[in-house]
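One-letter residues, chain by chain:
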Amino acid sequence: MSNLLRILLLSVSCVSVTLFLPFLSKSDDISVVKEVTSLESPILIRFWGTRGSIPTPGKETTKYGGNTLCVEIRLKENNRLIIIDAGSGIRELGKKVVSEDIPIGNNTFDLFLTHTHWDHIQGFPFFSPLYLSQVKLRVFGPVQYENDLLENIVGSQMTYRYFPVSASELAADIKYYNLKQGTYDLGDNIVLRTIYLNHTISCLGYRFEYNGKVICTVFDHQPFSNLFTTDPNDPMYDEQMVRDGEQVKKEQNKAVEDFIADADLVIFDAPYTQKQYEEDSKSHDHSPIEYAIAVARKQRVKKLAMLHHSPDSKDHLLDSYARKLSKQDSDSKLDAFFAEEGMEIEL
Ligand SMILES: [Zn+2]
Ligand SMILES: [Zn+2]
């Protein structure tokens, strides 16, 4: 396939890939990656929100949780806090930060937004450290267009029309960084790699490498597909285009698969079964459970935490998925499970 055709296919299938080619970024706070030494150091991961789309409180979601996405990554050695996404779960995390971090002078935090869909940013105005002047918050995330600043997207939900406090009234020192696909040095021997995922807007997968441990996030994402019609009866059908489309699909999926290779923990968007995914077009934009497991096994991942649970997936349903999983998984080295709100993992 010619390079020109490949670029054309990429631009059709994933706008963000062509708009933002991989690069190395350098700014006042994050710099180009350097050699990193390897030391053992414990990391704590805690799930504050595991639900996708909309908070889903109630008796039937007490186990897996009703809050939308928020994950805490805590480096125990220096108490550094990295937060993934600001769904409604970030509210409770904020309370913990105010009661445990602020009193000991731990005031600087990083928030990585995977993308700016509502279920990933709606808790931001309720993150209580934002109202404390001693707090420094760095907010990282992708944007759809170069002139569409992350600050505006996140801050626009804090206008009087939607919320009683405007973004300009927040006391904390908040800095925003628009990320693209690339590799970043976050300091403290943390290397961050990012990759564009397949979603309706720019959406980044994150790979944190820290003292020999690797944590990846892959949400929200659906497997890449062939964008050309494969139906020979369709007037748009073109055999060569179909072949090229298949090749691009394979390459794009392989890039995401390779991204999570040998990770100690992968947190993967998997709200639906393969059957639901095939039968209901609304379930697209996300990955089937079976896909997440297959990719994690193939890439020798040690632990796979699946989340972005559908609001319709109540505890009994997720429990039944988990039972099936434990039967199928008896021979596998992969530890695959559905993330529960409040669940903690030590690496
Ligand atoms: Zn989502
Ligand atoms: Zn989304």
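Being a predicted model, the structure only gives us computed values, none of them experimental. Sequence positions are assigned chain by chain, starting from 1 and proceeding in written order. Just so you know, chain letters begin at A and ligand numbers begin at 1, following the order they were written in. Note on the predicted model: pLDDT of at least 70 is required for a residue's local features to be given, and 80 or more for side-chain atom pairs to be given and counted; whole-chain, interface and lining totals, by contrast, use all residues.

With that settled, consider the overall build of the protein chain. Strands here mean DSSP runs of E at least two residues long; helices mean DSSP runs of H or I at least four residues long; both are numbered from the N terminus. Per the secondary structure count, the protein chain includes nine helices and 15 strands. Three exposure classes are used, based on other C-beta atoms lying within 10 Å of a residue's own C-beta, which is placed from the backbone: buried for 20 or more, exposed for 12 or fewer, and partly exposed in between. A buried classification covers 39% of the 347 residues belonging to the protein chain. What counts as a contact here is a pair of residues whose C-beta atoms, placed from the backbone, lie within 7 Å. Expressed as a percentage of contacts within the protein chain between residues at least 6 apart in sequence, the contacts between residues at least 24 apart total 69%.

Scored from 0 to 100, pLDDT records how confident the predictor is in each individual residue. Within the protein chain, residue pLDDT values average 87, and 86% of them lie at 70 or more. Taken together, the stretch residues 1–28 has pLDDT below 50 and engages in 39 contacts with residues farther than four places along the chain or on a different chain.

On to the environment of tyrosine 184, then. By the secondary structure assignment, tyrosine 184 is in strand S8 (residues 182–185). The exposure class of tyrosine 184 is buried, given the 24 C-beta atoms found within 10 Å. Taking the C-alpha atoms as reference points, tyrosine 184 and phenylalanine 208, separated by 24 residues in sequence, lie 9.7 Å from one another.

What follows covers the sheet that holds strand S15 (residues 344–346). DSSP calls a pair of strands paired once it identifies at least 2 bridges connecting them. Sheet architecture is open: seven strands sit in the order S7-S6-S5-S4-S3-S2-S15, paired in mixed fashion. Each of the sheet's edge strands pairs with one partner strand only, and the pair in question is strand S7 (173–178) and S15. Adjacent strand axes in the sheet meet at a mean angle of 20 degrees, parallel and antiparallel pairs treated alike. Two elements, strand S3 (residues 70–75) and strand S4 (residues 80–84), share five bridges in a ladder whose sense is antiparallel. In this analysis, axes come from line fits to C-alpha atoms, helices being fitted only over the stretch in contact, and the angle between any two N-to-C directions falls in the range 0 to 180 degrees.

Moving on, we get to helix H6 (residues 239–259). Between the first and last residue of a helix there are one fewer steps than residues, each counted as 1.5 Å, and that sum is the expected span. For H6, spanning 21 residues, the distance from its first C-alpha to its last is 31 Å, which sits close to the expected 30 Å at 1.5 Å a residue. Buried residues of H6: Gly245, Val248, Gln252, Val256 and Phe259, and no others. Along the axis of H6, the buried residues cluster in a sector spanning 70 degrees; they form a single face. Seen from the open side of H6, the exposed residues pointing more than 90 degrees away from its buried face are Glu239, Gln240, Arg243, Lys250, Lys254 and Asp258. Working definition: the arc comes from the directions between the helix axis and the C-beta atoms, pointing outward to the latter.

Note on placement: lysine 275 falls in helix H7 (residues 274–279). The spatial distance from the C-alpha of lysine 275 to the C-alpha of proline 288 is 8.3 Å, given a sequence separation of 13 residues.

Residues Ala336 and Phe338 point to one face of strand S14 (residues 335–338) and are all buried, whereas Asp335 and Phe337, pointing to the other face, are not buried. Judged from the four bridges that link them, strand S13 (residues 303–307) and S14 form a sheet pairing that is parallel. Following the sheet pairing, lysine 303 is matched in S14 by aspartate 335.

Before going further, it helps to examine unusual backbone geometry. Across the junction of phenylalanine 219 and aspartate 220, the peptide omega takes the value 0 degrees, indicating a cis bond. When you line up the elements, aspartate 220 lands in the loop between strand S11 (213–218) and H6. Unlike most non-glycine residues, arginine 300 shows phi in positive territory, near 60 degrees. Residue placement: arginine 300 occurs in the loop between helix H8 (289–298) and S13. Owing to 12 C-beta atoms within 10 Å, arginine 300 belongs among the exposed residues under this scheme.

Right, let's get into the pairing of S11. With five of six residues buried, S11 lies mostly within the body of the structure. The pairing of strand S10 (residues 204–210) with S11 spans five bridges and is antiparallel. Note that in S11 the partner of tyrosine 210 across the bridge is lysine 213. Following S10, the chain reverses through two residues before pairing antiparallel with S11; asparagine 211 in that reversal takes a positive phi of roughly 45 degrees. Across four bridges, the pairing between S11 and strand S12 (residues 265–269) is parallel.

In an α-helix, one turn spans 3.6 residues; hence positions three or four apart end up facing the same way. Compared with an ideal rise of 1.5 Å per residue, which puts 14 residues at 20 Å, helix H9 (residues 315–328) spans 20 Å between its outermost C-alpha atoms and is within 8% of the ideal. With one of its 14 residues buried, H9 lies for the most part at the surface.

Moving on, we come to the nonpolar core. We define a nonpolar core as a collection of buried residues of the types Ala, Val, Leu, Ile, Met, Phe, Trp, Tyr and Cys that are connected via C-beta atoms lying within 7 Å of each other. Counting residues in hydrophobic clusters, the biggest one holds 73 residues, and the most contacted among them are Val266, Phe268, Ala292, Ala296, Leu304 and Met306. If you tally residues by element for this core, the top one is H8, at six residues. When residues no more than four places from it in sequence are discounted, the contact partners of phenylalanine 268 are Val218, Phe219, Ser287, Ala292, Ala296, Leu304 and Met306.

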